[in-house]
Amino acid sequence: MQVYLNGEYPELTEACVSVEDRGFLFADGIYEVVRCYAGRFFELDRHLARLERSAREIRLGLPLSRDELRLVAQELLRRTGLLDCSLYLQATRGVAPRNHAFPVGVTPTLFAMLQPAPSPDPALAERGGAAVTVPDERWGRCDIKAVGLLPNILAKQKAVEAGAQEAIFIRDGLVTEGSASNVFAVLDGVLWTHPQDRRILGGITREVTLELAREQGVPVREEAITQNMLWQAQELFCTGTVAEFLPVVRLDGQPVGDGRPGPVCRRLAAAFAARHG
Ligand code: PDD
């Protein structure tokens, strides 16, 4: 593991952020997680574009340009020699005496780390996993990749305690997304997923999945499904940078479809693996 903090590449134990950092005091920050396969970042540009968008939406001026961020990512790779790893990037509004309003004349904190990231358990991809449904009690700007993840953490912990891998959020009777993933359902051959609006994070893996589905001629509907439709789905799966493709074969303890990963999920997962090489 190697870290970057505000222009330097310190030892992990030497990397220190002030207790007055607004990320620590207010969760006043944004982040990204980028996968690196065989020494190549997957969709780095889209992740950096989303980081810039998140920064704009919270009115935070990133201290580095996209090209400079790319150089930091490459330098972390060079220093570690890691091949299969994940890059975490975080920017906060910086260090200032605690006061809700934006501080004036403060440089944002920029942090990055590169750590080994083994691929998800192949047994899960093969046999599928479990999910639980939870009420979506998050804020109204889930499109911003903000570091304040308490509802996501509580949801994920519910999943873990139920022996499941993911929690699926339900808001106003509609399926929004997972605690750290986007959710897809196959109903009568059509692939459904929540539209990209303020209720979900516009996942990069979601975007790639939609591209692959269109390439493969799978009909797509970017429309939210109701909680009841979950029980009519032949297939259900979650996508994300860390989870990649998680076929959900049990939901709230009941089988989904025939209780096995379905053909659409399998095909898209294979195409996704081929895409990142
Ligand atoms: N999370 N929705 C939420 C709420 C997420 O936190 C994530 C990813 C996704 C999927 O986005 P992407 O395909 O761009 O990774 C959707 C990251 C991996 C995390 O918090 O660790």
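Not measured: the values here are computed from a predicted model. (Residues numbered from 1 in each chain as written. Predicted model: local features only at pLDDT ≥ 70, side-chain atom pairs only at ≥ 80, totals over all residues. Heavy atoms only, no water.)

S.K.: Looking at this structure, I do not really get the domain arrangement of the protein. What am I missing?
M.R.: Many authors give the size of an interface as the accessible area that is lost as the parts come together. What the domain assignment reports for the protein is domain 1 (4-116) and domain 2 (122-276). Averaged C-alpha coordinates put domain 1 and domain 2 at centres separated by 27 Å. Counting from both sides, the interface comprises 21 residues of domain 1 and, opposite them, 21 residues of domain 2. Between domain 1 and domain 2, a total of about 1,900 Å² is buried, with carbon and sulfur atoms accounting for 58% of that surface. On the domain 1 side of the interface with domain 2, the three residues burying the most area are Tyr31, Arg46 and Arg50, jointly 34% of the side's total. Where domain 1 touches domain 2, the interface holds six salt bridges. (Domains from an automatic or database assignment. Contact = heavy atoms within 4.5 Å. Buried area = accessible area lost by both parts, 1.4 Å probe. Salt bridge = Lys/Arg side-chain N within 4 Å of Asp/Glu carboxyl O.)

S.K.: Please clarify how the site of the ligand should be interpreted in this entry.
M.R.: The local shell around the ligand holds 19 residues, among which Tyr31, Glu177, Ile204, Thr205 and Thr241 are the closest. Separating an oxygen atom of the ligand from a side-chain N or O atom of tyrosine 31 is a distance of 2.6 Å. In this structure, arginine 50 approaches the ligand through a side-chain N or O atom, which is 2.8 Å from an oxygen atom. Protein contacts shield 91% of the accessible area of the ligand, which totals 480 Å² for the unbound molecule. For the shell around the ligand, the elements supplying multiple residues, two or more each, are strand 2 (29-37), strand 8 (174-178) and helix 6 (204-215). The residue inventory of the shell around the ligand, partitioned by class, reads six nonpolar, nine polar and four charged. Three or more residues apiece are contributed to the shell around the ligand by two domains, here domain 1 (4-116) and domain 2 (122-276). (Near = heavy atom within 4 Å. Polar contact = N/O pair within 3.5 Å; in protein donor to acceptor, adjacent residues only side chain to side chain. Areas by Shrake-Rupley, 256 points an atom, 1.4 Å probe, with all protein chains shown as cover. Helix = DSSP H or I, 4+ residues; strand = E, 2+ residues; numbered from the N terminus. Nonpolar A, V, L, I, M, F, W, Y, C, P; charged D, E, K, R; others polar.)

S.K.: What's the story with the pattern of salt bridges in this structure? I'm lost.
M.R.: It is possible for side chains bearing opposite charge to pair when their charged atoms get close. With the rule as written, the count across this model stands at 28 salt bridges. Of the charged contacts, one joins arginine 35 and glutamate 244 as a salt bridge, the two residues approaching to 3.8 Å between their closest N and O atoms. With arginine 35 in strand 2 and glutamate 244 in strand 13 (residues 244-251), this pair connects stretches of sequence that are 209 residues apart. Note that arginine 266 and glutamate 126 form a salt bridge whose closest N and O atoms lie 3.7 Å from each other. Of this pair, arginine 266 sits in helix 7 (residues 263-276) while glutamate 126 sits in helix 4 (residues 122-127), and the two are 140 residues apart along the sequence. Of the residues examined, arginine 266 reaches a relative accessible area of 38% and is grouped as partly exposed. A relative accessible area of 48% means that glutamate 126 is categorised as partly exposed. (Buried < 20%, exposed > 50% of the residue type's maximum accessible area, 1.4 Å probe, protein only.)

S.K.: Help me understand the pairing of strand 4 (residues 85-92), please; the structure alone is not making it clear to me.
M.R.: Along a regular strand, successive side chains alternate from one face of the sheet to the other. Where burial is concerned, most of strand 4 is hidden: eight out of the eight residues are buried. Alternating residues of strand 4 divide into Cys85, Leu87, Leu89 and Ala91 and Ser86, Tyr88, Gln90 and Thr92, and every residue in both groups is buried. Pairing of strand 2 with strand 4 involves eight bridges; the strand directions are antiparallel. Across the sheet, residue tyrosine 31 finds its bridge partner in strand 4, namely glutamine 90. By the bridge criterion, eight bridges tie strand 4 to strand 5 (residues 109-116) in an arrangement that is antiparallel. Bridge pairing in strand 5 links tyrosine 88 to methionine 113. (Pairing = 2+ DSSP bridges.)

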